[in-house]
Amino acid sequence: MSLKKNKRIVLGADPGAVPLKNMIKKHLITSGFEITDINGERTDLPFYEAAAKACHFLLEGNADLGILLCGTGAGVCIAASQFAGITAVCCESVKTARQARVINDANVMTMGAMIVNEETACAMADAFTSASFGEGLEASVRDFLKDAVKKIAELRS
């Protein structure tokens, strides 16, 4: 893997997604990432608790990005999206994972253990962690997206 712009990743999962989280964790460690697994030794965290712990960790500046897993990815995405400063996207493909960073400046990717297989999950993690906001886009598109991110934040106020 090339230069890692986002080296510190926080991971979390509900009970049904722990095996896939562990596979992603192993893959990212092998790729040179610094991983914080908010589950620790626990395999019984409900989806909302895993999301909350990871989001607090990320918002405190202890990680660059987060990856959360549950059965479909929707539950942890909804829970994570409740935190101001978190932009979570539920992804089911490598393309979506990459574009969530490039176009949407997402800082949390969620996925479902019932939806994606191990190979796809690891490829999605690679795509999400290696991409950056606006990367590869024309200047006018980057400027539009930066402005859109600001306007969306204003809507929350």
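For the structure itself, consult the block above.
Computed from a prediction, not measured in an experiment: that's the story for all the values here.

1. Section: helix 5 (residues 118-130)
Right, so step 1: Under the 1.5 Å per step criterion, the end-to-end length of helix 5 is 18 Å for 13 residues, consistent within 8% with the ideal 18 Å.
Right, so step 2: Buried residues of helix 5: Ala-121, Cys-122, Met-124, Ala-125, Ala-127, Phe-128 and Thr-129, and no others.
Right, so step 3: Residues of helix 5 that are buried make contact with strand 1 (8-13), helix 1 (18-30), strand 3 (65-70), helix 4 (94-102) and strand 5 (108-112).
Right, so step 4: Structurally, the start of helix 5 carries an N-cap: the backbone nitrogen of Glu-119 is 3.2 Å from a side-chain oxygen of Asn-117.

2. As for the state of the cysteines
Right, so step 1: Tallied over the entire structure, the rule returns 0 disulfides.
Right, so step 2: Cys-90 supplies the cysteine sulfur nearest to Cys-91, a cysteine that is in no disulfide, at a spacing of 6.8 Å.
Right, so step 3: Cys-122 takes part in no disulfide bond, and the closest cysteine sulfur to it belongs to Cys-91, at a distance of 15 Å.

3. Considerations on the packing of helix 4 against helix 5
Right, so step 1: Relative orientation of the contacting elements helix 4 and helix 5 amounts to 20 degrees, with a least axis distance of 8 Å. The angle between helix 4 and helix 5 falls in the class roughly parallel. Classified by chirality, the crossing of helix 5 by helix 4 is right-handed. The residues of helix 5 that touch helix 4, namely those facing Val-94, Ala-97, Arg-98, Ala-100 and Arg-101, are Thr-120, Ala-123, Met-124, Ala-127 and Phe-128.
Right, so step 2: Along the lines of polarity and charge, the residues of the contact of helix 4 with helix 5 split into 7 nonpolar, 1 polar and 2 charged.

4. Re the sheet that holds strand 5
Right, so step 1: Taken together, the 5 strands give an open sheet; going across it, the order is 2-1-3-5-4, and neighbouring strands pair in parallel fashion. Looking along the sheet, the strands with just one partner apiece sit at the ends: strand 2 (34-37) and strand 4 (88-90). Ignoring which end each strand starts from, the neighbouring axes of this sheet average 20 degrees apart.
Right, so step 2: Across 5 bridges, strand 3 lies against strand 5 in parallel orientation. Each residue of the ladder has a partner; that of Leu-68, found in strand 5, is Thr-110.
Right, so step 3: This element, helix 1, spans strand 1, strand 2, strand 3 and strand 5 of the sheet and lies at about 165 degrees to strand 1.

5. Observations concerning the nonpolar core
Right, so step 1: Grouped together as the largest cluster of nonpolar side chains are 27 residues, with contacts concentrated most on Ile-24, Ile-67 and Met-111.
Right, so step 2: The next biggest cluster of nonpolar side chains, apart from the first, holds 20 residues, and it includes Leu-45, Ala-51, Phe-83 and Ile-86.

6. Thoughts on the packing of aromatic side chains
Right, so step 1: Across all of its chains, the model carries 1 aromatic pair by this definition.
Right, so step 2: Arranged with centres 5.4 Å apart and planes meeting at 80 degrees, the rings of Phe-47 and Tyr-48 form a pair that is edge-to-face.
Right, so step 3: Phe-47 gets classed as partly exposed once you look at its relative accessible area, which sits at 34%.
Right, so step 4: Between the NZ or CZ atom of Arg-101 and the centre of the ring of Phe-128, over which it lies, the distance is 5.9 Å.

What counts as what
Residues numbered from 1 in each chain as written. Predicted model: local features only at pLDDT ≥ 70, side-chain atom pairs only at ≥ 80, totals over all residues. Heavy atoms only, no water. Helix = DSSP H or I, 4+ residues; strand = E, 2+ residues; numbered from the N terminus. Expected span 1.5 Å × (residues − 1). Buried < 20%, exposed > 50% of the residue type's maximum accessible area, 1.4 Å probe, protein only. Contact = heavy atoms within 4.5 Å. Polar contact = N/O pair within 3.5 Å; in protein donor to acceptor, adjacent residues only side chain to side chain. Disulfide = S-S within 2.5 Å. Axes fitted to C-alpha atoms, helices over the stretch in contact; angles between N-to-C directions. Parallel < 35°, antiparallel > 145°, perpendicular 65-115°, else oblique. Left-handed = near helix turned anticlockwise from the far one by under 90°. Nonpolar A, V, L, I, M, F, W, Y, C, P; charged D, E, K, R; others polar. Pairing = 2+ DSSP bridges. Core = buried A, V, L, I, M, F, W, Y, C linked by side-chain atoms within 4.5 Å. Phe/Tyr/Trp six-rings, centres within 6.5 Å; stacked < 30°, edge-to-face > 60°. Lys NZ or Arg CZ within 6 Å of the ring centre and 35° of its normal.

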